[in-house]
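# Coordinates in review
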Protein chains: 2
Amino acid sequence: MNIGITVIKSRRSVRSYRDATISEEIIHDALDCAALAPTALNAQPWLIGTVREKEMLRKIADLADYGKFIATAPVCFAIFGKRDEKYYLEDCSAATTQLILGLWAYGVGSCWVAGDKKGYAEEVRKLLGIPKTYTLISLVPAGYPAEVPTIQKKKREEILFSERFSAP
Amino acid sequence: MNIGITVIKSRRSVRSYRDATISEEIIHDALDCAALAPTALNAQPWLIGTVREKEMLRKIADLADYGKFIATAPVCFAIFGKRDEKYYLEDCSAATTQLILGLWAYGVGSCWVAGDKKGYAEEVRKLLGIPKTYTLISLVPAGYPAEVPTIQKKKREEILFSERFSAP
């Protein structure tokens, strides 16, 4: 079994965390994974923050409609994209994905909470002191899983095609 | 050393391929990695195609301004997103990232070629017979690397912050 494949395939969105600290080494490595994401023209148009202070986690949780569980996570990452880079949304989504997989490679669960197109994006930006030239793309609360949910995925024939598409 | 982390950190964008076929097992596994990407509200708003016919690879390469090397790849994946899903660009970017990492876990190199916001997105969509409700997000030519480029990345202090941002 290919371990890289296993890490990617086994990842689930985790919203419930054990009361355990994540080591600096793991956070460091996961951030490096994010920073090494593919990025158009090597722009790397991101700022990536690590929030651990309880009071700040609660403030962010209060703002995020689908992210109330951020208050219960030992850490929350925040990824901001530089608005004037054409592919900032793709690039920051790639970085978010690599961050999540980097955490999961260590058994740390996390969940992508939307930032871009959310009413609270601007408030989170101000809260964390980020320059106006950037906008919130994602919030990623993380912790050791209290439970790992099961998932329902579409059938392969619904989403995959070879050479040329023909409707199912 | 954590193998999952190593896979993620060692990935590079590969644009030059050896003349060797990629096995069905690898393509199958990499597509599963893409299909298991995080997706808002479990929408999975994607169609993912695998193109291997030389003539089609050449047609796509001719269209893609920064993707001329698609013609030299043994395979090219094409990821399309459902326009009416709010987070289709984030979701399809996550799927593209997981596809690329899944290939790399097997030593197969690839390169993210932009689709969204490109003038040729509509032409590639028509070429592959994709319904109008979808739009091209990315093209991912892949093959065993003839060479793996080095990269220049920003310094950690340029892109990372803890608790609250303060300009460098």
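The structure contained in this document is the topic of the report that follows. It should be emphasised that the depicted structure is a prediction, and the values quoted were computed from it without experimental measurement.

## Considerations on the nonpolar core
Residues F80 and L139 of chain A together with F80 and L139 of chain B are the most contacted members of the largest nonpolar core, which totals 129 residues. Broken down by element, the residue count for this core peaks at 11 residues, all from helix α4 (residues 88-105) of chain B. With near-sequence residues (within four places) excluded, L139 of chain B lies in contact with I60, A64, I70, C76, F77, A78, C111, W112, V113, Y120 and V124 of chain B.

## What to know about the pairing of strand β5 (residues 134-143) of chain B
Residues and elements named next belong to chain B. A large share of β5 lies buried, amounting to 10 of its 10 residues. Note: strand β2 (residues 75-82) against β5, eight bridges, orientation antiparallel. By the bridge assignment, F77 is partnered in β5 with V140. Sheet topology note: the strand β3 (residues 109-110)/β5 ladder contains two bridges and is antiparallel. Across the sheet, the residue bridging to S110 is A142, located in β5.

## A word on the pattern of salt bridges
Per the stated rule, a full pass over the model turns up 20 salt bridges over all chains. Between D29 of chain B and K9 of chain A there is a salt bridge whose closest N-O contact spans 2.7 Å. Separated into two different chains, D29 of chain B in helix α2 (residues 24-35) and K9 of chain A in helix α1 (residues 3-10) make up a pair that spans both. The class of D29 of chain B is buried, set by a relative accessible area of 11%. The salt bridge involving K117 of chain A is made with D116 of chain A; its shortest N-O contact spans 3.0 Å. The network of salt bridges with shared partners includes K9 and R156 of chain A together with D29 and D32 of chain B.

Each value, and the rule that gives it
Sequence order sets the numbering: in each chain, residues are counted from 1 along the sequence as written. A letter from A marks each chain and a number from 1 marks each ligand, given out in the order of writing. In keeping with the model being predicted, local features are shown solely for residues with a pLDDT of at least 70 and side-chain atom pairs are shown and tallied solely at 80 or more, while totals for entire chains, interfaces and linings include all residues. With hydrogens and water stripped out, all remaining heavy atoms of the structure feed into the side-chain values. Grouping buried Ala, Val, Leu, Ile, Met, Phe, Trp, Tyr and Cys residues that are joined through side-chain atoms within 4.5 Å yields what is termed a nonpolar core. The rule is simple: take the accessible area with a 1.4 Å probe, protein chains only, and divide by the maximum for that residue type; under 20% is buried, over 50% is exposed, in between is partly exposed. The way it works is that DSSP assigns letters per residue, a run of H or I at least four long becomes a helix, a run of E at least two long becomes a strand, and they are numbered from the N terminus. Any two residues having at least one pair of non-hydrogen atoms within 4.5 Å are treated as being in contact. We treat two strands as partners when DSSP finds at least two bridges between them. Counted as salt bridges are all cases of a side-chain nitrogen of Lys or Arg within 4 Å of a carboxyl oxygen of Asp or Glu.

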